[in-house]
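Chains, contacts and geometry: an overview
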Amino acid sequence: MENHIINNLVDYATGVETGLDSNGRKNRGGHLMEDLVEIFIKKAGFVKGTTYFKEMYIHQISSKWGIDLSAISNQGKMEKRFDFVVKTPTMIYAIETNFYGSGGSKLNETARSYKTLAIETDTIEGFTFAWFTDGKGWNSARNNLEETFDIMEHIYNIKDLENGIINEVFK
């Protein structure tokens, strides 16, 4: 402060001046969850670029495996990107991951959106949507998560990963 490196004491104290503001931390938990899920995908024996793929768009999935995903792309008008796609001999698993350290409207919208996506993907032969999520943020959005859990067959948390859910389900 003496050398005027810090311009605003309030901003410094709240973390804005040091890069700790909420925008600076944006999706840090999400990326950590992605990394964690990827570790378990690899541990289950899937190979990047061969049996699992990172950040794949609907059109890429459709052209790679000749599967019609128009039910989830609004007849090709919407371009969804999945965090991971795992390909087994009998199924294509599209995976979303996230981690919520705190609550908010984002959790409710995500749960609602993924519930709809799960319902839409149920109509596609050979394609399954899976969601890996966790975090204490869900405590405040428990009802929305439970509502999605009641509809969606493949929703898992970190404990499920540790207990080998990928080996159990992704066959």
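As a reminder, the structure under discussion sits directly above these lines.
The structure presented is a predicted model; accordingly, all values stated were derived computationally and were not measured.

This part covers the packing of aromatic side chains. Each pair of aromatic rings is reported with the distance of its centres and the angle of its planes. On inspection of all chains with the given rule, the structure shows 11 aromatic pairs. Arranged with centres 4.2 Å apart and planes meeting at 5 degrees, the rings of Tyr-93 and Phe-170 form a pair that is stacked. Remark: Phe-170 occurs in the segment after helix H7 (165-169) and Tyr-93 occurs in strand S3 (residues 92-99); sequence separation between them is 77 residues. Residue Tyr-93 is classed as buried on the basis of its relative accessible area, which comes to 6%. Here Phe-170 falls in the buried class, since its relative accessible area comes to 5%. Pairing Tyr-100 with Trp-138 gives two aromatic rings, centres 5.5 Å apart and planes at 85 degrees, and the pair type is edge-to-face. A residue pair is termed long-range when its members are at least 10 positions apart, and Tyr-100 in the loop between S3 and helix H4 (105-121) and Trp-138 in the loop between strand S4 (127-134) and helix H5 (142-151) qualify at 38 residues. The pair formed by Tyr-100 and Trp-138 is uniform in burial state, with each residue classed as buried. Here Lys-64 stacks its cationic end above the ring of Trp-65, 5.8 Å away from the centre of that ring.

As a further point, take the pairing of S4. Moving residue by residue along a regular strand, the side chains alternate between the two faces of the sheet. Most of S4 sits inside the fold, with seven of its eight residues counted as buried. Where S3 and S4 come together, eight bridges link them in parallel fashion. Residue pairing in the sheet places Glu-96 in a bridge with Trp-131 of S4. Each parallel crossover has a hand, and for S3 linked through H4 to S4 it is right-handed. When S4 meets strand S5 (residues 155-156), the two strands line up parallel, connected through two bridges. Residue pairing in the sheet places Phe-132 in a bridge with Tyr-156 of S5.

A few words on the packing of H4 against H5. H5 packs onto H4 with a crossing angle of 10 degrees between their chain directions and a minimal axis gap of 9 Å. Between H4 and H5, the angle falls in the class roughly parallel. In contact with Asn-108, Ala-111, Arg-112, Lys-115 and Ile-119 of H4, H5 contributes Asn-144, Leu-145, Glu-147, Thr-148 and Ile-151. Tallied by class, the residues present in the contact of H4 with H5 amount to four nonpolar, three polar and three charged.

Cut-off values and rules
- Residues numbered from 1 in each chain as written.
- Predicted model: local features only at pLDDT ≥ 70, side-chain atom pairs only at ≥ 80, totals over all residues.
- Heavy atoms only, no water.
- Phe/Tyr/Trp six-rings, centres within 6.5 Å; stacked < 30°, edge-to-face > 60°.
- Helix = DSSP H or I, 4+ residues; strand = E, 2+ residues; numbered from the N terminus.
- Buried < 20%, exposed > 50% of the residue type's maximum accessible area, 1.4 Å probe, protein only.
- Lys NZ or Arg CZ within 6 Å of the ring centre and 35° of its normal.
- Pairing = 2+ DSSP bridges.
- Right-handed = clockwise from strand over helix to strand, strands pointing away.
- Axes fitted to C-alpha atoms, helices over the stretch in contact; angles between N-to-C directions.
- Parallel < 35°, antiparallel > 145°, perpendicular 65-115°, else oblique.
- Contact = heavy atoms within 4.5 Å.
- Nonpolar A, V, L, I, M, F, W, Y, C, P; charged D, E, K, R; others polar.

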